[in-house]
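So you can see what is in the structure, the chains are spelled out below.
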Protein chains: 2
Amino acid sequence: MIELYHNAFSSCSQKVRIVLGEKGIGWKSHEIDLQGGGQHDPEYVKLNPNHVVPTLVHDGRVFIESTLINEYLDDEFPNPPLRPGDPVERHAMRLFVKHIDEKVHPAAGVITYGIATRPMILGQPPEVQEAAWSQIPDPARRAARKSVIENGIEAPEMRGAVGAFIGMLDEMEATIDDRGPWVCGEHFSLADACALPYVLRLEHLAMGSQLAAGVRPRVARWFAEIQALESYEEMISGQLLAPILAMFQKNAEEVRGELDALIASL
Amino acid sequence: MIELYHNAFSSCSQKVRIVLGEKGIGWKSHEIDLQGGGQHDPEYVKLNPNHVVPTLVHDGRVFIESTLINEYLDDEFPNPPLRPGDPVERHAMRLFVKHIDEKVHPAAGVITYGIATRPMILGQPPEVQEAAWSQIPDPARRAARKSVIENGIEAPEMRGAVGAFIGMLDEMEATIDDRGPWVCGEHFSLADACALPYVLRLEHLAMGSQLAAGVRPRVARWFAEIQALESYEEMISGQLLAPILAMFQKNAEEVRGELDALIASL
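It should be emphasised that the depicted structure is a prediction, and the values quoted were computed from it without experimental measurement.

Calculation notes
Residues numbered from 1 in each chain as written. Chains lettered and ligands numbered in written order. Predicted model: local features only at pLDDT ≥ 70, side-chain atom pairs only at ≥ 80, totals over all residues. Heavy atoms only, no water. Phe/Tyr/Trp six-rings, centres within 6.5 Å; stacked < 30°, edge-to-face > 60°. Helix = DSSP H or I, 4+ residues; strand = E, 2+ residues; numbered from the N terminus. Buried < 20%, exposed > 50% of the residue type's maximum accessible area, 1.4 Å probe, protein only. Lys NZ or Arg CZ within 6 Å of the ring centre and 35° of its normal. Least-squares fit on C-alpha atoms with pLDDT ≥ 70 in both. Contact = heavy atoms within 4.5 Å. 1 Å grid on protein atoms, 1.4 Å probe; cavity = no way out; pocket = protein on both sides within 12 Å on 5 of 7 lines; lining within 4 Å. Points joined across faces, edges and corners; volume = space filled by probe spheres on them. Nonpolar A, V, L, I, M, F, W, Y, C, P; charged D, E, K, R; others polar. Pairing = 2+ DSSP bridges. Axes fitted to C-alpha atoms, helices over the stretch in contact; angles between N-to-C directions. Buried area = accessible area lost by both parts, 1.4 Å probe. Salt bridge = Lys/Arg side-chain N within 4 Å of Asp/Glu carboxyl O. Polar contact = N/O pair within 3.5 Å; in protein donor to acceptor, adjacent residues only side chain to side chain. Expected span 1.5 Å × (residues − 1). Arc of directions from axis to C-beta. Parallel < 35°, antiparallel > 145°, perpendicular 65-115°, else oblique. Left-handed = near helix turned anticlockwise from the far one by under 90°. Domains from an automatic or database assignment.

In this structure the tally under the stated criterion is 12 aromatic pairs over all chains. Between F165 of chain A and Y198 of chain A, the aromatic rings sit 6.3 Å apart at their centres with planes inclined by 70°, giving edge-to-face as the arrangement. Of this pair, F165 of chain A sits in helix α7 (residues 156-175) while Y198 of chain A sits in helix α8 (residues 190-204), placing them 33 residues apart in sequence. Like Y198 of chain A, F165 of chain A is buried. Judged by centre distance (5.5 Å) and plane angle (40°), the ring pair of F9 of chain B and F248 of chain B falls under tilted. Here F9 of chain B is found in the loop between β1 (2-6) and α1 (11-23), whereas its partner F248 of chain B is found in helix α12 (residues 242-254), with 239 residues between them in sequence. The two residues F9 of chain B and F248 of chain B agree in class, both being buried. The ring of Y113 of chain A carries R145 of chain A above its face, with NZ or CZ at 3.7 Å from the centroid.

This is the structure:
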């Protein structure tokens, strides 16, 4: 049996869910409340010592790190294959994923906490705020989290973070070609699974039309193809609670002017 | 034809060389002079936009990132296989490699520059020193490099870096078991290729006997097995120039007292 400890909005959880969905693998859901600190629960930390989601458990064996979980799922459940068969294209896929994992993933935390969830967190008592970020084990992630909660869109981390997203979109616009709508050509792959949560996050933070639809037609076409996948609704959009999406949108609109200026300056 | 742009002492170059050697793949060497700034040469940067070694070129196609190069080599030249056939063990191997890439690799730069090459660099004119680190594109790596050159063993980065090495050795001591001498059991794998340069670096910085031989018998046995590999001399030890090894050893011995105190405090 496959069990997934995950969160509806977590980028890395979404990467694994869409792969489970496209492979048609049945799974049991254990949702982790990230705002409530479920990722720091000692029982959960035994499964995932990095205090993050997702964690996949397959017949009692524990797998962490979304990119490596997806490689595992493609090794263990090879149909349909979600990695290119050709070693050259497979390397290109892994390089794209590595770039997103290293540059875009940390940036997603910065823009999400700095724009979307900051007003809610600032409304909490100071000791609750501090408890939330002080439990993040990685010092760099902890410092960035604190900075964006304190400074919002003015945080020094914000410029690099939005820049990382733009870099990803530029790379996608250059990589997606007329062979097919996907990052690695005509087949949906782990590269697309990896990019999905971040393009979706831009959409949730009201930057989609500005950064994709209008100016990057290949990314816009790619995003439409992703949303048309058979498992998209069950695994992605159907899991996202409307009041939280509305809060993201509202909080993003409130800093629209600063956000536009930041994007224009990059 | 396989060409490798690499450096004898570079950890990530060693990871790829030992894999080429163990697979018996012929290759053409292009050595990059890292102290002379060859990695920043505009012609080289066209191949490797991250300004690092190694870069592998196979029949004109370019591959970067040592871990992904090794996955490519195992995809393209599958014999002998250097990844476990079992998906569960393959995930464990990739998790070990990911941990080393993220935590130990940056730490290797810190201890090498802060202990072994610092006296030589401090003997250079200030503008040469500045030119060397100012070309590092990643801001975090650039700041760490500057700090350890300025502060040596007193740099705030040093404690975490030595701690990352100790964490790796502890993990190896726990992982290597009686099934076989290697990280993933009875067969040499990409996990061993990935760990090799860092255990070797401790040896070069005169920390080997203190951290492995005396106190971690499984790591010590593993290191003896690595050195007994058929390709070890050609690909690793035979490439390392004796005067540079002597300089590493001498500079490490000069901070022996501080280093011992740091290790004892961890």
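All right, on to the relation of the copies chain B and chain A then. By a simple turn and slide, chain B fits onto chain A: the slide is 0.0 Å along the axis, the RMSD is 0.0 Å, and the turn is 180°. Viewed as a symmetry operation, the transformation between the two copies matches a two-fold axis. Taken as a fraction of all interface residues of chain B, those also at the interface in chain A reach 100%, which identifies the copy contact as same-surface.

Residues and elements named next belong to chain A. Looking at the second largest pocket, its volume works out to about 300 Å³. P81, C184, E186, H187 and F188 are, among the 15 residues lining the second largest pocket, the residues nearest its centre. Per-class residue counts for the lining of the second largest pocket are 7 nonpolar, 3 polar and 5 charged.

The subject of this paragraph is the sheet that holds β1 of chain B. All names here are of chain B. The strand order across the open sheet built from 4 strands is β2-β1-β3-β4, with neighbouring strands paired in mixed fashion. Strands at the two margins of the open sheet, each flanked by one partner only, are β2 (28-31) and β4 (61-64). Across the sheet, the axes of successive neighbouring strands diverge by a mean angle of 20°, strand direction being ignored. Across the sheet, α1 touches β1 and β3 (55-58), and the angle it forms with β1 is around 155°.

Another aspect to go through is the interface of chain B and chain A. With 20 residues of chain B in contact, the opposing surface of chain A contributes 20 residues. Here chain B meets chain A over a buried area of about 1900 Å², counting both sides, of which 66% is carbon and sulfur. Together, L68, H91 and R94 of chain B form the three largest contributors to the area buried by chain B at its contact with chain A, with a combined 30%. At the surface where chain B touches chain A, the tally comes to 8 salt bridges. A salt bridge links R94 of chain B to E71 of chain A; the shortest N-O distance between them is 3.5 Å. Applying the counting criterion to the chain B and chain A interface returns 6 residue pairs in polar contact (both at pLDDT 80 or more). Broken down by secondary-structure element, the contributors of at least two residues to the side of chain B that touches chain A are β4, α3 (66-76) and α4 (87-122) of chain B. Ranked by residue count, the leading element in the side of chain B that touches chain A is α4 of chain B, at 8 residues. A per-class count over the side of chain B that touches chain A returns 8 nonpolar, 1 polar and 11 charged.

The subject of this paragraph is helix α12 (residues 242-254) of chain A. Residues and elements named next belong to chain A. Here α12 contains 13 residues, and its C-alpha end-to-end distance of 18 Å stays within 8% of the 18 Å for a straight helix at 1.5 Å per residue. Among all positions in α12, only F248, N251 and A252 are buried. The buried side chains of α12 occupy one side of the element, clustering within an arc of 100° when seen end-on. With respect to the buried face of α12, the exposed residues turned more than 90 degrees away are A242, P243, K250 and E254. The secondary structure elements touched by the buried residues of α12 are α4 (87-122), α8 and α13 (256-265).

What follows covers the packing of α1 of chain B against helix α8 (residues 190-204) of chain B. Residues and elements named next belong to chain B. It is the contact of α1 with α8, at a shortest axis distance of 8 Å, that shows an interaxial angle of 135°. Here α1 lies oblique to α8, going by the angle between them. α8 is crossed by α1, and the crossing has right-handed handedness. Side by side, α1 and α8 meet where S11, C12, Q14, K15, I18 and V19 of the first sit next to L190, A193, C194, L196, P197, Y198, L200 and R201 of the second. The residue inventory of the contact of α1 with α8, partitioned by class, reads 10 nonpolar, 2 polar and 2 charged.

A few words on the domain arrangement of chain A. Residue and element names in this part refer to chain A. One can read the domain layout of chain A as domain 1 (2-76) and domain 2 (87-265). A C-alpha centroid distance of 19 Å is found between domain 1 and domain 2. Across the domain 1/domain 2 interface, buried area totals approximately 2400 Å², and carbon plus sulfur atoms make up 61% of it. When the buried surface of domain 1 facing domain 2 is broken down by residue, F9, I18 and Q35 rank first, second and third, together holding 28% of it. Linking domain 1 with domain 2 are 2 salt bridges. Elements represented by at least two residues in the side of domain 1 that touches domain 2 include exactly α1 (11-23) and α3 (66-76). The leading source of residues in the side of domain 1 that touches domain 2 is α1, at 10 residues. Counted by class, the side of domain 1 that touches domain 2 contains 8 nonpolar, 10 polar and 4 charged residues.

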